[in-house]
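The primary structure of each chain is shown beneath.
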Amino acid sequence: MANNSDASSGSATAPASEEVERIVTLLNQGHYTEGEAIARRQTEHFPQSGVSWKILGAVLKLQGRIVESLEPMRRATFFLPMDAGAHSNLGVTLNDLGRLEDGL
């Protein structure tokens, strides 16, 4: 993963790759509630991290909370404008809700 710290302050701007991998492992094991809690903490600690928003949107959708997943997915596409996966996630979710026009 690219350097995730701000050189001027030394503060991290994105979660460590190990934390991201931990959430992915939890989700793959079906531990959605725990994965969601960690993803929410990441969006609080790293509010400009598109990866954190992308993960939160995915975990909410995995739990069937499709409408609730929209805002994190929108934030993911804002912070990751070149990430095809983030845009695809949002598009599929809008389609699931019959709201394709919202994706234009």
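Coordinates for the structure precede this section.
Everything numeric here is computed off the predicted structure, so don't read it as measured data.

Novice: Explanation requested: helix α2 (residues 32-45) in the structure shown.
Specialist: Residue pairs spaced three or four apart in an α-helix point in one direction, given the helix's 3.6 residues per turn. For α2, spanning 14 residues, the distance from its first C-alpha to its last is 20 Å, which sits close to the expected 20 Å at 1.5 Å a residue. Residues of α2 that are buried in the fold lie against α1 (17-28) and α3 (50-62).

Novice: How should the packing of helix α4 (residues 66-79) against helix α5 (residues 84-96) be read in this particular structure?
Specialist: It is at 9 Å that the axes of α4 and α5 come closest, and there the two elements cross at 150 degrees. As summarised for this structure, α4 and α5 are arranged roughly antiparallel, according to the angle between their axes. Considering the relative orientation of α4 and α5, their crossing is left-handed. For the pair α4 and α5, contact is made by Ile66, Ser69, Leu70, Met73, Arg74, Ala76 and Thr77 and by Ala86, His87, Asn89, Leu90, Thr93 and Leu94, respectively. Looking at the contact of α4 with α5 residue by residue, the class counts come to seven nonpolar, five polar and one charged.

Novice: Can you walk me through the pattern of salt bridges in this structure?
Specialist: Once their charged atoms are close, side chains differing in charge can pair, the charge on each being opposite to the other. Considering all chains together, one arrives at nine salt bridges under this definition. For Arg22, the salt bridge is made with Glu34, and the minimal N-O distance between the two is 3.8 Å. Pair noted here: Arg22 is in helix α1 and Glu34 is in helix α2, with a separation of twelve residues, a long-range link. Linking Lys54 and Asp83 is a salt bridge whose minimum nitrogen-to-oxygen distance equals 3.1 Å. With Lys54 in helix α3 and Asp83 in the loop between α4 and α5, this pair connects stretches of sequence that are 29 residues apart. According to the relative accessible area criterion, Asp83 is partly exposed, its value standing at 21%. What emerges from the salt-bridge pattern is a single network uniting Glu36, Arg40, Arg65 and Glu68.

Conventions adopted
- Residues numbered from 1 in each chain as written.
- Predicted model: local features only at pLDDT ≥ 70, side-chain atom pairs only at ≥ 80, totals over all residues.
- Heavy atoms only, no water.
- Helix = DSSP H or I, 4+ residues; strand = E, 2+ residues; numbered from the N terminus.
- Expected span 1.5 Å × (residues − 1).
- Contact = heavy atoms within 4.5 Å.
- Axes fitted to C-alpha atoms, helices over the stretch in contact; angles between N-to-C directions.
- Parallel < 35°, antiparallel > 145°, perpendicular 65-115°, else oblique.
- Left-handed = near helix turned anticlockwise from the far one by under 90°.
- Nonpolar A, V, L, I, M, F, W, Y, C, P; charged D, E, K, R; others polar.
- Salt bridge = Lys/Arg side-chain N within 4 Å of Asp/Glu carboxyl O.
- Buried < 20%, exposed > 50% of the residue type's maximum accessible area, 1.4 Å probe, protein only.

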